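Read off the chains here:
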Amino acid sequence: MSQLARPGKIIAVHLNYRSRAAQRGRTPAQPSYFFKPASSVAVTGGELERPAGTELLAFEGEIALIIGTTARRVSPEDGWAAVSGVTAANDFGLYDLRAADKGSNVRSKGGDGFTPLGPEVIPASAVDPAALRVRTWLNGELVQEGATDDLLFPFGRLVADLSQLMTLEPGDVILTGTPAGSSVTQPGDTVEVEVDAPTSAGAPSSGRLVTRITEGRIPFGDFGTKPSVDDHQRAEAWGTPPAPALVLTDELRAALASVATATLSSQLRKRGLNNVSIDGLASTRPDARLIGTAKTLRYIPNREDLFALHGGGYNAQKRAFDAVGAGEVLVIEARGERGSGTVGDVLALRAQVNGAAGIVTDGGVRDLAVVAALDIPTYHAGPHPAVLGRKHVPWEADVTVACGGASVQPGDVIVGDADGLIVIPPALVAEVVADAVEQEREEEYIAEQVAAGHPVDGLFPMNAEWKERYRAWRTQR
């Protein structure tokens, strides 16, 4: 292992771990970056001052790439060859100054000592870039752990992307993103970061990069924007997780399967939700019930230059179909455009193999006969033989989308039958399905009475007398 020289430039990636993207609630289609000054570099064992008057100094344990050779316009396949070594980094940030930076991170992440690196460099030739690990400890407790098999954008791709515009020079450092678990430090805390390759020969390690946090004493002057925070910045800095995702238990699924979408629609309407149906689509399996949580994918109208950048390779469409999980419904925003396919036989099969509950697109389907022969139900706007690129650019996943006239967010519950599709906000599922079950019991009773010859006046809906008879009927049943 070798010692680390002061870099000429430091380039950091905003989001690059799936776990962190899930925590943030957004998944980028392409990597984005910011600069950190060389003066922010610090060594292990040092102290980092939390500036006076601030509260949100956050740590981010990361893997730092050290460029070993001049790189300009290299390919993703050749990007790793430009890296001489890797080491541990801590990408400290002061959320109190994020608003002042307006996205540049100049002050919030550029302070003296805000980029500790080291202590040792692991030679790139000694490790597989896909088998590295980064861990962070806060006061001795493990708080972050991420492996490079969780990356959105592999290291070679980052090097290639940056080298399209700028020359990467020996000694330059690329900070490659942080996994979930980043949070706030307090004066008196000790933060440690280590990068290692546990499955490589000798299990090489960077060693522990140690930083102790102290309290600053000199306040900010009146000649610049002063620190400020709000609840949003506090939540982001502390890493407050989003509301727990709804778990569709077997019991909930069975209850949802027992009621019609028409009944669910009625219950949602009683709660003021009238725009929760996905309209105008046909199902390849009208006999099959669709129940699952939404995973979303968004297409934008085709523009040739954008398709050249986003349409090829492992694009957002392919990533979404690879990532859709058991019990999930992939909901695709295609703007109601029927002039090309938005899914075909191979991707539909991939979703089925993953255990997905269904596919919903308000665009066309290619290979419709083959897709219809699969077990997985696919709701669609019609068949079309053309490929995706005729009308669409696959843009992003895991965002709020519009499909068939309805807004759908990741985690929403989708229920479909021969009548159509309903979107249920997760927070309402338990009460909606309970009331829907009760509503269908009432309607069963009303139907029995109508069949027995009773008029509907006072029975549908039930007046007080009929409700009393219904309660007796329930007791007997």
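Please read all numbers here as calculations on a predicted model, not as lab measurements.

A. Structural view of the overall build of the chain. Counting its regular elements, the chain contains 14 helices and 29 strands. Across its three principal axes, the chain shows a C-alpha extent of roughly 90 × 55 × 50 Å. Within the chain, contacts between residues separated by at least 24 positions form 79% of all contacts whose residues are at least 6 apart in sequence. With the model as given, the accessible surface of the chain reaches about 21200 Å², and the carbon-plus-sulfur share is 53%. The positive charge centre, built from 45 side chains, and the negative charge centre, built from 59, are 3 Å apart in the chain.

B. Highlighting the nonpolar core. The biggest cluster of nonpolar side chains holds 32 residues, and the ones touching the most others in it are Ile-63, Leu-65, Trp-80, Val-86, Phe-155, Val-159 and Leu-168. At the level of elements, strand 1 (10–13), strand 6 (61–67), strand 7 (83–90), helix 5 (155–163) and strand 15 (190–196) are the ones that each hand at least two residues to this core. If near-sequence neighbours (up to four positions away) are discounted, Val-86 is found in contact with Ile-63, Ala-64, Leu-65, Trp-80, Glu-120, Val-121, Ile-122, Leu-132 and Val-195. With 21 residues, the next largest nonpolar core counts Leu-297, Phe-321, Ala-351 and Leu-374 among its residues.

C. Up close: the sheet that holds strand 12 (residues 141–147). On the basis of which strands lie adjacent, the open sheet formed by 5 strands has the order 4-16-15-11-12 and mixed pairing. Unpaired on one side and paired on the other, strand 4 (46–50) and strand 12 mark the two borders of the sheet. Neighbour to neighbour, the strand axes of the sheet diverge by 20° on average, direction disregarded. One ladder, built from 6 bridges, connects strand 11 (residues 133–138) with strand 12; its direction is antiparallel. Among the inter-strand pairings, Thr-136 is bridged to a residue of strand 12, identified as Gln-144.

D. Spotlight on the packing of helix 8 (residues 261–270) against helix 13 (residues 429–451). At a minimum axis distance of 9 Å, the contact between helix 8 and helix 13 shows a crossing angle of 120°. Taken together, the axes of helix 8 and helix 13 lie oblique to each other. Remark: the crossing between helix 8 and helix 13 carries right-handed chirality. Contacts between helix 8 and helix 13 involve Thr-263, Leu-264, Ser-266, Gln-267, Leu-268 and Lys-270 from the first element and Val-432, Asp-435, Ala-436, Gln-439, Glu-440 and Glu-443 from the second. When grouped by side-chain class, the residues that make up the contact of helix 8 with helix 13 number 4 nonpolar, 4 polar and 4 charged.

E. Representation of the sheet that holds strand 8 (residues 93–94) in the model. Spatial ordering of the open sheet is given by 8-5-14, a layout of 3 strands whose pairing is antiparallel. If you trace the sheet from one side to the other, it starts and ends with strand 8 and strand 14 (184–185), each paired once. As defined by bridge partners, strand 5 (residues 57–58) adjoins strand 8 across 2 bridges and the pair is classed as antiparallel. The residue bridging Leu-57 from the neighbouring strand is Leu-94, located in strand 8.

F. A look at the packing of aromatic side chains. On inspection of all chains with the given rule, the structure shows 5 aromatic pairs. Ring centres of Trp-80 and Phe-155 lie 6.2 Å apart, and the angle between their planes is 25°; this geometry places the pair in the stacked category. On the criterion of sequence distance, the pair formed by Trp-80 in the loop between helix 2 (76–79) and strand 7 and Phe-155 in helix 5 is long-range, its members being 75 residues apart. Using a relative accessible area of 19% as the deciding quantity, one classes Trp-80 as buried. The class for Phe-155 is buried, based on a relative accessible area of 2%. Taken together, the aromatic side chains of Tyr-445, Trp-466, Tyr-470 and Trp-473 make up a single cluster linked through ring pairs.

G. Just a nonpolar patch on the surface, in detail. Taken together, the side chains of Val-450, Val-456 and Phe-460 make up a nonpolar region of the molecular surface, amounting to roughly 280 Å² of accessible area. By the element assignment, Phe-460 lies in the loop between helix 13 and helix 14 (464–476).

H. Structural context of helix 11 (residues 345–353). Where helix 11 is concerned, the buried positions are Leu-347, Ala-348 and Ala-351. End-on view of helix 11: buried residues confined to an arc of 100°, all on one side of the axis. For helix 11, exposure combined with an orientation more than 90 degrees from the buried face picks out Val-346 and Val-353. Just beyond helix 11, the residue with positive phi is Gly-355, at close to 90°.

I. Summary view of the pattern of salt bridges. This model, assessed by the stated rule, comprises 31 salt bridges. The salt bridge involving Asp-222 is made with Lys-226; its shortest N-O contact spans 2.7 Å. Since its relative accessible area comes to 41%, Lys-226 is described here as partly exposed. The shortest N-O distance in the salt bridge between Glu-465 and Arg-469 comes to 2.7 Å.

Cut-offs and rules
Residues numbered from 1 in each chain as written. Predicted model: local features only at pLDDT ≥ 70, side-chain atom pairs only at ≥ 80, totals over all residues. Heavy atoms only, no water. Helix = DSSP H or I, 4+ residues; strand = E, 2+ residues; numbered from the N terminus. Contact = heavy atoms within 4.5 Å. Areas by Shrake-Rupley, 256 points an atom, 1.4 Å probe, with all protein chains shown as cover. Lys, Arg positive; Asp, Glu negative; His and termini not counted. Charge placed at Lys NZ, Arg CZ, Asp CG, Glu CD. Core = buried A, V, L, I, M, F, W, Y, C linked by side-chain atoms within 4.5 Å. Buried < 20%, exposed > 50% of the residue type's maximum accessible area, 1.4 Å probe, protein only. Pairing = 2+ DSSP bridges. Axes fitted to C-alpha atoms, helices over the stretch in contact; angles between N-to-C directions. Parallel < 35°, antiparallel > 145°, perpendicular 65-115°, else oblique. Left-handed = near helix turned anticlockwise from the far one by under 90°. Nonpolar A, V, L, I, M, F, W, Y, C, P; charged D, E, K, R; others polar. Phe/Tyr/Trp six-rings, centres within 6.5 Å; stacked < 30°, edge-to-face > 60°. Patch = residues over 30% accessible without salt bridge, like charges linked within 9 Å, V, L, I, M, F, W, Y side chains within 5 Å. Salt bridge = Lys/Arg side-chain N within 4 Å of Asp/Glu carboxyl O. Arc of directions from axis to C-beta.

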